[in-house]
There are 4 protein chains.
Amino acid sequence: MSTFGQYFRVTTYGESHCLSVGCIIDGCPPGMELTEADIQPQMTRRRPGQSAITTPRDEKDRVEIQSGTEFGVTLGTPIGLRVMNENQRPKDYGGSTMDLYPRPSHADWTYLEKYGVKASSGGGRSSARETIGRVAAGAIAEKYLRIAHGVEIVAFTASIGNEFLFPPTPTHPSASTNPEFLKMLDTITRDTVDGFQPVRCPNEEASTRMENLIADFRDRKDSIGGTVTCVIRNVPSGLGEPCFDKLEAMLAHSMLSIPATKAFEIGSGFGGCQVPGSVHNDPFIKAPAVPPSQSGAASTSSRPRLTTKTNNSGGIQGGITNGAPIYFSVGFKPPATIGQAQQTATYDENDGVLEAKGRHDPCVVPRAVPIVEAMAALVIMDSLLAQQARQSARSLLPPLKQTLPASETVVGGEKAVEKARENNKGVNGV
Amino acid sequence: MSTFGQYFRVTTYGESHCLSVGCIIDGCPPGMELTEADIQPQMTRRRPGQSAITTPRDEKDRVEIQSGTEFGVTLGTPIGLRVMNENQRPKDYGGSTMDLYPRPSHADWTYLEKYGVKASSGGGRSSARETIGRVAAGAIAEKYLRIAHGVEIVAFTASIGNEFLFPPTPTHPSASTNPEFLKMLDTITRDTVDGFQPVRCPNEEASTRMENLIADFRDRKDSIGGTVTCVIRNVPSGLGEPCFDKLEAMLAHSMLSIPATKAFEIGSGFGGCQVPGSVHNDPFIKAPAVPPSQSGAASTSSRPRLTTKTNNSGGIQGGITNGAPIYFSVGFKPPATIGQAQQTATYDENDGVLEAKGRHDPCVVPRAVPIVEAMAALVIMDSLLAQQARQSARSLLPPLKQTLPASETVVGGEKAVEKARENNKGVNGV
Amino acid sequence: MSTFGQYFRVTTYGESHCLSVGCIIDGCPPGMELTEADIQPQMTRRRPGQSAITTPRDEKDRVEIQSGTEFGVTLGTPIGLRVMNENQRPKDYGGSTMDLYPRPSHADWTYLEKYGVKASSGGGRSSARETIGRVAAGAIAEKYLRIAHGVEIVAFTASIGNEFLFPPTPTHPSASTNPEFLKMLDTITRDTVDGFQPVRCPNEEASTRMENLIADFRDRKDSIGGTVTCVIRNVPSGLGEPCFDKLEAMLAHSMLSIPATKAFEIGSGFGGCQVPGSVHNDPFIKAPAVPPSQSGAASTSSRPRLTTKTNNSGGIQGGITNGAPIYFSVGFKPPATIGQAQQTATYDENDGVLEAKGRHDPCVVPRAVPIVEAMAALVIMDSLLAQQARQSARSLLPPLKQTLPASETVVGGEKAVEKARENNKGVNGV
Amino acid sequence: MSTFGQYFRVTTYGESHCLSVGCIIDGCPPGMELTEADIQPQMTRRRPGQSAITTPRDEKDRVEIQSGTEFGVTLGTPIGLRVMNENQRPKDYGGSTMDLYPRPSHADWTYLEKYGVKASSGGGRSSARETIGRVAAGAIAEKYLRIAHGVEIVAFTASIGNEFLFPPTPTHPSASTNPEFLKMLDTITRDTVDGFQPVRCPNEEASTRMENLIADFRDRKDSIGGTVTCVIRNVPSGLGEPCFDKLEAMLAHSMLSIPATKAFEIGSGFGGCQVPGSVHNDPFIKAPAVPPSQSGAASTSSRPRLTTKTNNSGGIQGGITNGAPIYFSVGFKPPATIGQAQQTATYDENDGVLEAKGRHDPCVVPRAVPIVEAMAALVIMDSLLAQQARQSARSLLPPLKQTLPASETVVGGEKAVEKARENNKGVNGV
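Residues numbered from 1 in each chain as written. Chains lettered and ligands numbered in written order. Predicted model: local features only at pLDDT ≥ 70, side-chain atom pairs only at ≥ 80, totals over all residues.

Observations concerning the overall build of chain A
A tally of helices and strands in chain A yields 14 helices and 18 strands. Here chain A holds 430 residues, and the buried ones make up 65% of them. (Helix = DSSP H or I, 4+ residues; strand = E, 2+ residues; numbered from the N terminus. Buried ≥ 20, exposed ≤ 12 C-beta atoms within 10 Å, placed from the backbone.)

Here's the deal with the relation of the copies chain C and chain A
Rotating chain C by 180° about the axis while translating it 0.0 Å along that axis superimposes it on chain A, leaving an RMSD of 0.0 Å. Taken together, the rotation and translation describe the operation of a two-fold axis. The share of interface residues of chain C whose copies in chain A are also at the interface is 100%, consistent with both copies meeting through the same surface. (Least-squares fit on C-alpha atoms with pLDDT ≥ 70 in both. Contact = placed C-beta atoms within 7 Å.)

Details of unusual backbone geometry
Looking along the chain, the bond that leaves B:Pro242 and enters B:Cys243 is cis, with omega of -5°. Checked against the element boundaries, B:Cys243 lands in the loop between strand E10 (226–233) and helix H8 (247–256). Omega for the peptide link from C:Gln197 to C:Pro198 comes to 0°, which places this bond in the cis form. Within the secondary structure layout, C:Pro198 lies in the loop between helix H6 (190–194) and helix H7 (204–219).

What to know about the sheet that holds strand E10 (residues 226–233) of chain A
Overall, antiparallel pairing links the 10 strands, which are arranged E9(A)-E8(A)-E10(A)-E16(A)-E11(A)-E11(B)-E16(B)-E10(B)-E8(B)-E9(B) in an open sheet. At either margin of the open sheet sits one strand with a lone partner, and together these are strand E9 (163–164) of chain A together with strand E9 (163–164) of chain B. Relative to E10(B), strand E8 (residues 152–160) of chain B runs antiparallel, the two being bridged by 8 bridges. When the bridges of E10(B) are listed, B:Ser159 appears paired with B:Thr227. The sheet strands contacting helix H11 (residues 365–395) of chain B are E8, E10 and strand E16 (326–332) of chain B, and the helix crosses E8(B) at an angle near 145°. (Pairing = 2+ DSSP bridges. Axes fitted to C-alpha atoms, helices over the stretch in contact; angles between N-to-C directions.)

Some remarks on the confidence of the model for chain A
Residue and element names in this part refer to chain A. When pLDDT is averaged across chain A, the result is 86; 83% of the residues are at 70 or more. Taken together, the stretch residues 403–430 has pLDDT below 50 and engages in 61 contacts with residues farther than four places along the chain or on a different chain. Predicted complex metrics record ipTM = 0.91 and pTM = 0.92. (pLDDT = per-residue confidence, 0-100.)

Some words on the sheet that holds strand E2 (residues 9–13) of chain B
All names here are of chain B. If you walk across this open sheet you meet the 5 strands as E1-E2-E3-E7-E4, and the pairing is antiparallel. The sheet terminates laterally at strand E1 (3–4) and strand E4 (63–65), the two strands that pair on one side only. One ladder, built from 2 bridges, connects E1 with E2; its direction is antiparallel. Along E2, the bridge assignment pairs Thr3 with Thr11. In the packing of helix H4 (residues 131–149) onto the sheet, contacts are made with E2, strand E3 (20–26), E4 and strand E7 (79–84), and the angle to E3 comes to roughly 35°.

Topic: the relation of the copies chain C and chain D
Overlaying chain C on chain D yields an RMSD of 0.0 Å, the required transformation being a rotation through 180° with an accompanying axial translation of 0.0 Å. Interface residue correspondence from chain C to chain D reaches 100%, placing this contact among same-surface, isologous pairings.

Some remarks on the nonpolar core
One finds A:Val372, C:Val372 and D:Val372 to be the most contacted residues of the largest nonpolar core, which totals 449 residues. Each residue touching A:Val372, except ones within four places of it in the same chain, is listed here: A:Ala155, A:Val228, A:Cys230, A:Met255, A:Ile258 and A:Val330. (Core = buried A, V, L, I, M, F, W, Y, C linked by C-beta atoms within 7 Å.)

A short note on helix H3 (residues 108–115) of chain C
Since one α-helical turn is 3.6 residues long, residues separated by three or four positions face the same way. Burial analysis of H3(C) places 8 of its 8 residues in the buried class, which makes it a mostly covered element. Of all the residues in H3(C), the buried ones are C:Asp108, C:Trp109, C:Thr110, C:Tyr111, C:Leu112, C:Glu113, C:Lys114 and C:Tyr115. Lining the buried residues of H3(C) we find strand E12 (284–286), strand E13 (306–308), strand E14 (316–317), strand E15 (320–321) and helix H11 (365–394) of chain D. Looking one or two places after H3(C), you find C:Gly116, whose phi comes out positive at around 70°.

As for the interface of chain C and chain D
Counting from both sides, the interface comprises 118 residues of chain C and, opposite them, 118 residues of chain D. Of all the elements, H3(C) adds the most residues to the side of chain C that touches chain D, at 6 residues. Of the residues assigned to the side of chain C that touches chain D, the class counts are 43 nonpolar, 50 polar and 25 charged. Where strand E11 (residues 261–266) of chain C lies against strand E11 (residues 261–266) of chain D, 3 bridges are found, and the strand directions are antiparallel. Within the sheet, the bridge partner assigned to C:Phe264 lies in E11(D) and is D:Phe264. (Nonpolar A, V, L, I, M, F, W, Y, C, P; charged D, E, K, R; others polar.)

A short note on the packing of helix H4 (residues 131–149) of chain D against H11(D)
Residue and element names in this part refer to chain D. Relative to each other, H4 and H11 sit at 55°, their axes nearing to 7 Å. Put simply, H4 runs oblique to H11. Helix-helix and strand crossings are classified by hand; for H4 and H11 the assignment is left-handed. Only Pro370, Ile371, Glu373, Ala374, Met375, Ala377, Leu378, Ile380 and Met381 of H11 make contact with H4, whose side of the interface consists of Thr131, Arg134, Val135, Ala137, Gly138, Ala139, Ala141, Glu142, Tyr144 and Leu145. Among the residues forming the contact of H4 with H11, the class breakdown is 14 nonpolar, 2 polar and 3 charged. (Parallel < 35°, antiparallel > 145°, perpendicular 65-115°, else oblique. Left-handed = near helix turned anticlockwise from the far one by under 90°.)

Section: the environment of C:Pro325
Within the secondary structure, C:Pro325 sits in the loop between strand E15 (320–321) and strand E16 (326–332). The class for C:Pro325 is partly exposed, based on 18 C-beta atoms found within 10 Å.

With respect to the packing of helix H12 (residues 365–395) of chain A against H11(D)
One can describe the packing of H12(A) onto H11(D) by two numbers: an axis separation of 8 Å at closest approach and a directional angle of 105°. As far as their axial angle goes, H11(D) and H12(A) are roughly perpendicular. Packed against H12(A), whose contacting residues are A:Leu385, A:Gln388, A:Ala389, A:Ser392 and A:Ala393, the element H11(D) presents D:Leu385, D:Gln388, D:Ala389, D:Ser392 and D:Ala393 at the interface. Residues of the contact of H12(A) with H11(D), tallied by class, amount to 6 nonpolar, 4 polar and no charged.

Quick word on the interface of chain C and chain A
The partner chain A presents 35 residues to the 35 residues of chain C that form the contact. If you list the elements that add at least two residues to the side of chain C that touches chain A, you get strand E2 (9–13) and strand E3 (20–26) of chain C. Take the side of chain C that touches chain A: its biggest share by element is 5 residues, from E3(C). The class makeup of the residues in the side of chain C that touches chain A is 13 nonpolar, 17 polar and 5 charged.

Topic: the pairing of strand E10 (residues 226–233) of chain C
Residue and element names in this part refer to chain C. With respect to burial, E10 is a largely interior element, 7 of its 8 residues being buried. Here E10 pairs with E16 via 7 bridges, running antiparallel. In the sheet register, Val231 faces E16, and the bridge partner there is Tyr327.

Description of helix H5 (residues 131–149) of chain A
Residue and element names in this part refer to chain A. Taking 1.5 Å per residue as the helical rise, H5 with its 19 residues ought to reach 27 Å, and the 26 Å between its terminal C-alpha atoms agrees with that figure. The element H5 is largely enclosed, with a buried count of 16 among its 19 residues. At the C-terminal side of H5, Gly150 shows a positive phi close to 65°. (Expected span 1.5 Å × (residues − 1).)

A closer look at the environment of B:Leu213
Inspection of the secondary structure puts B:Leu213 in helix H7 (residues 204–219). Along the primary structure B:Leu213 and B:Phe181 are separated by 32 residues, whereas in three dimensions their C-alpha atoms are 23 Å apart.

Brief notes about the environment of D:Ala345
One can find D:Ala345 in strand E17 (residues 342–345). The spacing of D:Ala345 and D:Arg47 is 298 residues in sequence and 33 Å in space, taken between C-alpha atoms. Discounting residues that sit within four places of it in the chain, D:Ala345 has contacts with C:Phe284, C:Ile285, C:Lys286, C:Leu306, D:Asn350, D:Asp351 and D:Gly352.

A word on the pairing of strand E16 (residues 326–332) of chain A
Residues and elements named next belong to chain A. Burial of E16 is extensive: 7 of the 7 residues sit out of reach of the surface. Neither face of E16 is exposed, since Ile326, Phe328, Val330 and Phe332 on one face and Tyr327, Ser329 and Gly331 on the opposite face are all buried. Examined bridge by bridge, strand E11 (residues 261–266) and E16 share 5 bridges and lie antiparallel to one another. Paired with Ala263 across the strands is Gly331, a residue of E16.

Structure follows, in structure tokens:
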């Protein structure tokens, strides 16, 4: 189904060549200031035609709020969003070649297998335009998260082909054990990332390597993949729903639902499988006090009292956030549509050679950056509302006398009392 | 929520130290022969205490069907399943140390942050016993898939620490381009895998390397991670729901919901990001005819007429299966609970040293093999029922005269007619 | 949430005074011919301004398909629908009076309690315009049901105030035991109903009584309620999901979600509570053969072999359809907004007198007729897809040898064989 | 599906003749004291064999908590509940007669049409034993509602056959306009209701009439229906989700999902369709102050500042609670299984006469009382958690300066200020 989320629920519609694309967002908190101006910036970051290395298809991608707000404030009712498909040009796809051949590794063939109907564009809803609704909805979620909790979500290009920002090494099979990497996660901003156009890799040298690589593939009518890393800071502890909807499971789901993705890793990821448990474990330390004024968020007091010294967990333990920065990486394959001639077969099972026309990116990674951020925002928003619901429900119950025979085993004095209080205190997060 | 799936819906309950664990399965097709004997084998493969390198906790894990069958046949009503927690020993966890410290990188701390109540076992439902319900439900799904479509699901250990079955190389950054790897995927069976106990890596030499590595970590009271690769053969084409519930998104969700997982990749995965599009693309070829008698499944005639020459896509294109084998890998971190002393902090924010007691695996990977298979079965089953519903609905509509102005652009003669027929044919898959 | 249905899922947006209202329909079978012309007729039947006894607000209510079809055929992807709010006139509501007072028995007060934000129109989404998306989606469902199964859905006005088409009598506390009523249910058509404008009660004499009553209430600036009865013919047997989603439960849910409804009854309804079981029970009889050519539907062969002699059950037994006509009634209260002065209180707790302005119906019942039909179509469509999914899944299982020890208890010979076959035959409905 | 609720989600399993029946409850707030003793009383009230006019089947119906609590406190994890089927006696149903005939108006025939498999008991999950899981789950919901908000839920028998507690009259076509009825709703308790055994109609004279009527039908091997009325007091304002999940829609859904129900009405109901709008409208008045000490609930301060003078709305306006008592009635048909001989047809289409054996109630209404209460509790709990989630989310947003240009239209001075504050105040309910 074209719906994502249980509490902050996004339903999208639209394919590449229809009248418009858009979405309905159900569950946005009432009373939040919201206009198109809050949504448009991420739409524009996602937009095609941004540089010499992205598709020249020119879409203004102006979003228009249909419902759910009045006088610039959310009503709590469903928010309808619409973006016109202004520049459709279906003829590019209707040519004699594209109609005969399912494009290799594209969705043309599988859409026909699934639906038994062939849309003009082949795999209509596998178009990158389908992601417009996601980005728009993500921008709204992100606004709430920022206001209510000071959440910051920043994604950037981490590799293109075999050009890496932090290449794996024998010492650091996962970047998660590399302090330099962790420091970047603590400080990187979206503005910094956009300073490294067109690749969006926040390092001069790496960015140049990557840009050259993409240009090279573009010139050869070929394509190349890469990875996006994303960090989410200031997420309250306690988010993520055991057991099937662990936070990393929801993030993996959301990321692998983005077109062209092949892989996901949270925290130490695949590299972490090579790190001994004694190194990989994140020991607890007392959390530094956060001055409430600093973040400007409504609920800075909710930061937990413990934090971890390292962060191989990527901010999630047992499927639940611990308050540390969440970070993950997503792998994008090389785009399937390439200009090179390809030996393949027609729909009617004859061998032949396909040369694709149309407008295509040699690498989708830079444009994927805001899409990754949007999906991350949707996941965090949904799990936040779930946890706030739980805490709100719990807060109306009387305090427990004792939740487990803890005091028996506690060494003594004030600590025991304090601990008992802690056990009984309810969820102090969020 | 503790529910997985829309059509074949599994709801689980139970933590480590309660009376029983179990699940309710809603949506199992009626009229299928089913007894405990269909479920127990995978339960036993998952069971602790299987070898010197797994936890000595001894559970019989006998599953008992509560409802939903009569005279050994499914009624179509919810199937209740229950497994007693026979060997609870809560005292192991109630000791003075474990009660004072949240175990690093375990779920103790985050469960307390989330629920505000501390269970005896710390993160109660993050226990491996929670996976019992999944494995039981998966066995039922698997039986249907095998009967109805000849689906085969086989997982195996692909790496432990830095010991790999197919290590990445400059030529093959992803094993997906390695013919030897693809051949193994085509033929590997569960029996073969279980021939390589205790590691479940189907290669003598690699298996020995891995077993030694695990033993080494066990002896040092440390732990180590690894990866499981899983292949699913004979999956009908057309499965997977655009846009948010692409099949790889559902697989990623399901796999990252297994305790201790950190990473997921489908097909070429992260390595595929380094492969040029011109190599990565899977060209179409005419599919070989499959003699209907061969698989014994109810619907062998449903194989699509085209297949792909290579399979970097991992059997999924545009989020939809194309009929080729689906394969993916899952990364498991080193278990958090280790016997070594760890410098960390207590619940009440004091520094201290934790030495964990209790019974723990130095490596969860071998026991994870049937869990990965179970979750894969649940995903395929759910998406299969979704697609069968669609096709069944469509089959009652009259044939279309023409779905797009295809004949205008087609080169000529018989081809045009054949192609028009193809367009109108409906979904022939599943 | 603003979503209805699991398989045929409708999500709506829009309130009275925003830019547009609309919906997204997810799960429509692919390959069905569909244009705006299929949807518009029911929109027009629902439209305000149809007669002297309905609100003069003039909306063209032209529906526009945004996505999900191409060349007039459904793609299987989400169908976006939009209807502009052309005639908004928010000033009618912004007057000094309406802004001070929550209208008695309207949603103004409860929306403010719920969302904490006051929309211009008071209870914005409780507006009758919210039903536009439902009617549009219902028209699409209805088209499929008609093509695939010959389903016919006809609603009509059954009472206005105390003027009844079939008043309850001591002999017939429920019309369900009245043969004349059942005969009307078998034959009534939408054309016949629309022949009795403006009330839509298909009986000359009753219609006149009702029209006069409404006119009387209109003239006194008062309002009056009434009931709509709806019949659904040719529904396959086997629809409805035990135990929480029985078909009557879904119908009740859907009907009570229509603004201004207060009551629902299926089959014999409240009156049936007074009928002895020996009379109320519907005995089985052999079903008459239906010539396949008659209905023109794709699957007439699916009619069950037994039917019932009477139909107090209203076509549903144990929550599941038995193939007989489904019928139910819905009670609509008198509209809350009346022109009469009302003694009430302001938002700030002061007593006062409210005289409502704006444009309002003295009775919503006639316009509710197509809304009831639409919601009925959505319920049947969703439960049909659920059951088709089940049957499709089951059809791939091998036949059972025997599902219960039936032959032991069966009297003899051919009957036993036939019966065993019946038990094993699978679901022959739909 | 066998699942009810989104936030407080109940999944049930079990039919009449299997090993056990039970449920999983997901979403129960953590930190609530809970043992079997909280659940058993309602189980016992629902239990068969309570009097001479109910079925003699003797089941202890002892509920056993499987998971989700520790030391008598909820952990926030899924609560598994199980009740053994101790007294199965399948032979009663396996006789030569019951196996040949589908019982008229029972679920035997439709279950076979739906699933294609015949359970021993006929329509296995349409058994009254299926309601055990509902009652158990409802008892847990009820405990939370009582602790957190002082919610009181009381149902009682309102009619049996044509014997009414408050018969409709020309003056009061709906009891909702009868002050005596409203007074009873304000004060009736469960203890009072149980003082009128076995009928549970809280009026000596009416109770006797009803008991005699049931006994009469029992003696004639016939059956009779009736209605249950239920009141829910102290429900916070703001519950119910526009537009499809209005509170009355959820109540209707839940009630019509109880076996043998045929009708539902909220507030004035069908009778209210005959009441002029000018009478039916519930004018607002200032709410009386509630001393916080009175109810003992955690959040008495949440009562809204306005209430209604009358309550034809039944506590719900625009699908949302307004804080007034919610009340509704449910119609139960005469039980389908009767001892009388019935002329009907066999499964294999032959005419014949069926005389049912087995143990059956002549009237289900008295035993339905706790089931109606349980389903009401589930609906209120779910909608409460939904609204608490919304409010919790909203509470972290900064106050709005102004939500609509209200001050322009407001007459002046302090009132305008106060009103603007009101608009901006956020949801003060719950």
